[in-house]
Amino acid sequence: MTKFIPIFPLNIVVFPNEKLNLHIFEPRYKQLIQECFQEEKHFGIPAVLKNGMAEMGTTVEIIQIDKEHENGDMDIRTKGVEVFKILEVIKQIPEKMYGGAIVNYPDNQIQGLQHKMQAILNEVRYFHQLLEVSKSYPTDIGTISTYDIAHHVGMSLDQEYEFLNLLREDQRQEYIQRHLKTIIPTIVELQKLKERIQLNGHFRKLSIDDTDEKMED
């Protein structure tokens, strides 16, 4: 199915079900938001990468306009809905200040293996523990998808865009697991380095027995 939607390109990757707060200040996007809110229409946020606007993005719905400032700027709350692929960009819609795109909505499998998701969550909690950050997730494993944790596993913008292109939950689970298996050992080594740096200049309790034990191992 193809559809025409207004678009708001941003230097971020938005995922389905993600809650996103935005401050709108450009006149063309003020117009886009006002019209989409009044007409209860979704708009698309395609990712802008170093090579320009990418072909994949996510539609979002406007949940609420939190505040309208005196100069017309707006603070809005949105939620990601569905992944789309751009077929053709319309730089400026007739009689509008903003642009749009003809898009389609590829099939996207959301359900994955629950036991694998539990293993991923355990790794994510360990990752956050290493970073000394706190993040809570629903206790019902059946309600969580990889989209819910993708922004919290330390992926770069390019990696998040690669992740957005994966349209099966088992593929996304595998992607996150591979990423964590790469990044966690790096964090562990950095923590060890931090400890060595902190010990520099301090009195250290060592004995020849420690050295002997290491040599025997």
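Starting from 1, residues in each chain are numbered consecutively following that chain's sequence as written. Per-residue local features are limited, in this predicted model, to residues with pLDDT of at least 70; the limit for side-chain atom pairs, both in listing and counting, is 80 or more; totals at the level of whole chains, interfaces and linings are taken over all residues. Excluding hydrogens and water, the side-chain values take into account all heavy atoms of the structure.

## Overview of the pattern of salt bridges
Alright, step 1. When a carboxyl oxygen of Asp or Glu is within 4 Å of a side-chain nitrogen of Lys or Arg, the pair counts as a salt bridge. Counted under the stated rule, the structure contains 11 salt bridges.
Alright, step 2. R28 serves as the salt-bridge partner of E26, at 3.4 Å between the closest nitrogen and oxygen.
Alright, step 3. Residue classification places E26 among the partly exposed residues on the basis of a relative accessible area of 28%.
Alright, step 4. Measuring nitrogen to oxygen at the nearest pair gives 3.1 Å for the salt bridge that ties K96 to E35. Per-residue accessibility, obtained with a 1.4 Å probe over protein chains only, is compared with the maximum for each type, and a residue is labelled buried under 20%, exposed over 50%, and partly exposed between these values.

## Considering helix 2 (residues 114–131)
Alright, step 1. Numbering goes from the N terminus for both helices and strands, where a helix is a DSSP run of H or I of at least four residues and a strand is a run of E of at least two. Multiplying one less than the number of residues by 1.5 Å gives the expected span of a helix. Its 18 residues place the ends of helix 2 26 Å apart at the C-alpha level, agreeing with the 26 Å of an ideal helix rising 1.5 Å per residue.
Alright, step 2. What helix 2 keeps buried is the set K116, M117, I120, L121, V124, F127, H128 and L130.
Alright, step 3. Count one or two residues on from helix 2 and you reach E132, which has phi positive near 60°.

## Overview of the nonpolar core
Alright, step 1. Here, the term nonpolar core denotes a set of buried Ala, Val, Leu, Ile, Met, Phe, Trp, Tyr and Cys residues that are joined through side-chain atoms within 4.5 Å. Counting residues in hydrophobic clusters, the biggest one holds 30 residues, and the most contacted among them are I149, Y161, F163 and L180.
Alright, step 2. Secondary structure elements with two or more residues in this core: strand 3 (43–49), strand 4 (52–68), helix 2, helix 3 (157–164) and helix 4 (169–199).
Alright, step 3. Apart from the residues lying within four places of it in its own chain, the contact partners of Y161 are V13, A47, L49, A54, E55 and M56.
Alright, step 4. Core analysis: the second largest hydrophobic core is formed by 19 residues, F8, L20, I62 and I65 among them. Two residues form a contact once any of their heavy atoms are found within 4.5 Å.

## Thoughts on the pairing of strand 4
Alright, step 1. Only strands joined by at least two bridges in the DSSP assignment are considered to pair. Of the strand pairs in this sheet, strand 3 and strand 4 are connected by six bridges, and their pairing is antiparallel. Following the sheet pairing, F43 is matched in strand 4 by V60.
Alright, step 2. Where strand 4 lies against strand 5 (residues 74–90), 11 bridges are found, and the strand directions are antiparallel. Within strand 5, the position partnered with E68 by the bridge is M74.

## Here's the deal with the side chain of T58
Alright, step 1. Following the sequence through the fold, T58 ends up in strand 4.
Alright, step 2. Polar contacts, as used here, are pairs of N or O atoms within 3.5 Å; protein pairs need one atom able to donate a hydrogen and one able to accept it. Residues neighboring in sequence count only if both atoms are side-chain atoms. Here V14 takes part through its backbone oxygen, which lies 2.6 Å from a polar atom of the side chain of T58.
Alright, step 3. Those residues within four positions of T58 in sequence are excluded, and the remaining contacts are V14, F15, P16, F43, G44, I45, G80, V81, E82, V83, F84 and L164.

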